[in-house]
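Structural features, examined
Single-letter residue listing:
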Amino acid sequence: MIYYPNIENSDIAAFDIFNPSQSASKISLYKKVTQQRQVDATMTTTVRDDGDKIFVDIDISKDSGAASGMITLSYSSEMLTYDSATPGSALNGFLVQTNGSVPGKIASAFAGSEIIPDAGGTMITYQFTKSAKAITGTLLVFDLVCNELIDTDTVTLLKVEAVGASYVVGGGEPTPPPTTPPPTTPPPTTPPPTTAPPTTPPADARILRTEFVSEVDNVVKVQVTISADSSAASGMYTLVYDPSIFTFKSHTQGAALSGFLVIANSENDGEVVVAFAGSEMIPNAGGVLGTFELTIKDGVAK
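Residues numbered from 1 in each chain as written. Predicted model: local features only at pLDDT ≥ 70, side-chain atom pairs only at ≥ 80, totals over all residues. Heavy atoms only, no water.

1. Re the overall build of the protein chain
Worth spelling out the cut-off: Counting from the N terminus, the helices are DSSP H or I runs at least four residues long and the strands are E runs at least two residues long. Exposed residues in this analysis have more than 50% of their type's maximum accessible area, buried residues have under 20%, and partly exposed residues fall in between, with area computed by a 1.4 Å probe over protein chains only. Should any heavy atoms of two residues lie within 4.5 Å, those residues are considered in contact. To be clear on the numbers: accessible area is Shrake-Rupley with a 1.4 Å probe, and residue cover counts the displayed protein chains and nothing else.
Broken down by element type, the protein chain carries zero helices and 19 strands. Out of the 302 residues in the protein chain, the part that is buried amounts to 43%. Taking as baseline every contact in the protein chain between residues at least 6 positions apart, the subset at least 24 positions apart corresponds to 74%. Entry remark: accessible area of the protein chain is about 15500 Å², with carbon and sulfur atoms responsible for 52%.

The following block contains the structure:
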């Protein structure tokens, strides 16, 4: 076994196992997306009112070319209570998971073996229940953010426009709040000039590492760790392996992603795509994101 540990500040960290002369016998971890491409596609937000329920549809326009990604919808937790999320036709056959545990914010991650259909369509429909404050004439504001949208090659970040929405409960114009005269404030004083201390540019804060953990009973464990101070609240990484040598067995969520929503898509032989999203950032100390288990196939020479 030849093992190359901690290949930092590179786009790919990898190690070779068994026969180094076989270039296919390699497990590669993509540090993050390494390319960006602008796509002429738009995510839009549409709001519907039905009794005490509010429905919010997130649609994507045609020809996005996306195979996985993550979105966040922000809303007023004083006016609405989040109920559920239902995948739409655009994500039919995709692995979709949603985290709505934090009032006022919903994060949804999705991954598929194929791209979103060229025709686009509804990605997700969110359902809410109105609170007693959401009376007729109340203005509701929904902000939509596309955190990540990834191409099929798993390393290209697709740049699209994301558009939120405003909606008045019961239709019509929003009821204006009562007006109060502005307070009188004294004129501002100018403080004496100060000289700011020199700043040191931060180091690369998003270093991922692959670490060989063990091989027991033909099961190889590979651990993925992230360095300290990553300031990351969501992301995606891909494990690429040789399907003629290994069979994917499992992925276990690590301590650094405790409380995060994590999904692993292994539909394609030879790769596992892992997406994660949380309401808070990864702890400053960093740590283990996840552990992969791969089974060595019978007949493979060691």
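Resuming the write-up.
2. Notes on the packing of aromatic side chains
Rules: Planes of paired rings set the category: under 30 degrees apart is stacked, over 60 is edge-to-face and the rest tilted, where pairs are Phe, Tyr or Trp rings (Trp by its six-membered ring) whose centres lie within 6.5 Å.
A full pass over the atoms with the stated rule returns eight aromatic pairs. Relative to Phe-276, the ring of Tyr-237 lies with its centre 6.4 Å away and its plane at 50 degrees, an arrangement referred to as tilted. Here the residue Tyr-237 occupies a position in strand β15 (residues 234-240), and Phe-276 occupies one in strand β18 (residues 271-277), the gap between them amounting to 39 residues. We note that Tyr-237, like Phe-276, is buried. An aromatic cluster is defined as three or more aromatic residues linked by ring pairs; in this entry it consists of Tyr-75, Tyr-82, Tyr-126, Phe-128 and Phe-142.

3. Observations regarding the sheet that holds strand β13 (residues 208-216)
The condition is simple: Two strands pair under a simple rule: DSSP has to find at least two bridges between them. Here an angle of 0 to 180 degrees is reported between the N-to-C directions of two axes, which are lines fitted to C-alpha atoms, with helices fitted over the stretch in contact.
If you trace the four strands from one edge of the open sheet to the other, you get β13-β14-β19-β16, paired in antiparallel fashion. Either end of the sheet is taken by a strand with one partner, and the two such strands are β13 and β16 (246-253). Taking each pair of neighbouring strands and ignoring which way they run, the sheet shows an average axis angle of 20 degrees. Taken together, the eight bridges between β13 and strand β14 (residues 219-226) define a ladder with antiparallel strand orientation. Within the sheet, the bridge partner assigned to Glu-215 lies in β14 and is Val-220.

4. A few points about the nonpolar core
The following threshold applies: By nonpolar core we mean a set of buried residues, namely Ala, Val, Leu, Ile, Met, Phe, Trp, Tyr and Cys, connected to one another through side-chain atoms within 4.5 Å.
In terms of nonpolar packing, the biggest core is built from 37 residues, with Ile-54, Val-56, Met-123, Tyr-126, Phe-128, Phe-142 and Leu-149 touching the most fellow members. A total of five residues in this core trace back to one element, the largest contributor, which is strand β10 (residues 139-150). Leaving out residues up to four positions away in the same chain, Phe-128 has contacts with Asp-52, Lys-53, Ile-54, Val-56, Leu-73, Tyr-75, Leu-80, Thr-81, Tyr-82, Asp-83, Ile-106 and Phe-142. Counting 24 residues, the second largest nonpolar core, distinct from the first, contains Ala-232, Ile-245, Phe-260 and Ile-282.

5. Concerning unusual backbone geometry
If you check the backbone angles, Asp-63 has positive phi at about 60 degrees while not being a glycine. Position of Asp-63 among the secondary structure elements: in the loop between β4 (53-60) and β5 (68-74). The backbone of Asp-217 shows a phi angle near 55 degrees, a positive value even though the residue is not glycine. By the secondary structure assignment, Asp-217 is in the loop between β13 and β14. For Asp-217, a relative accessible area of 73% translates into the label exposed.

6. Notes on the environment of Ile-135
The residue Ile-135 is located in the loop between β9 (121-130) and β10 in this model. Residue Ile-135 is classed as exposed on the basis of its relative accessible area, which comes to 52%. As for Ile-135 and Met-79, which are separated by 56 residues in sequence, their C-alpha atoms are 8.9 Å apart.

7. Here we look at the pattern of salt bridges
For clarity, the cut-off: In what follows, salt bridge is the name for a side-chain nitrogen of Lys or Arg lying within 4 Å of a carboxyl oxygen of Asp or Glu.
Using the criterion set out here, one finds six salt bridges in the structure. A salt bridge links Asp-83 to Lys-53; the nearest nitrogen and oxygen atoms lie 3.2 Å apart. In this pair, Asp-83 sits in strand β6 (residues 80-87) while Lys-53 sits in strand β4, placing the two residues 30 residues apart along the sequence. Taking the shortest distance from any N to any O, the salt bridge between Glu-293 and Lys-221 comes out at 3.6 Å. Of the two residues, Glu-293 sits in strand β19 (residues 287-296) while Lys-221 sits in strand β14, which places them 72 residues apart along the sequence. Under the relative-accessibility criterion, Glu-293 is labelled buried at 16%. Among the charged side chains, a network of salt bridges with common partners joins Lys-221, Lys-249 and Glu-293.

8. Focus: the environment of Val-169
Within the secondary structure layout, Val-169 lies in the loop between β12 (165-168) and β13. Residue Val-169 is classed as buried on the basis of its relative accessible area of 3%. Separated by 29 residues in the primary sequence, Val-169 and Leu-140 place their C-alpha atoms 7.3 Å from one another. When residues no more than four places from it in sequence are discounted, the contact partners of Val-169 are Asp-49, Lys-130, Ala-134, Ile-135, Thr-136, Gly-137, Thr-138 and Leu-140.

9. Examining the pairing of β9
With seven of ten residues buried, β9 is to be regarded as a mostly interior element. With seven bridges joining them, β6 and β9 adopt antiparallel strand pairing. If you follow Ala-85 over to β9, its bridge partner there is Tyr-126.

The values are spatial; any link to function lies outside them.
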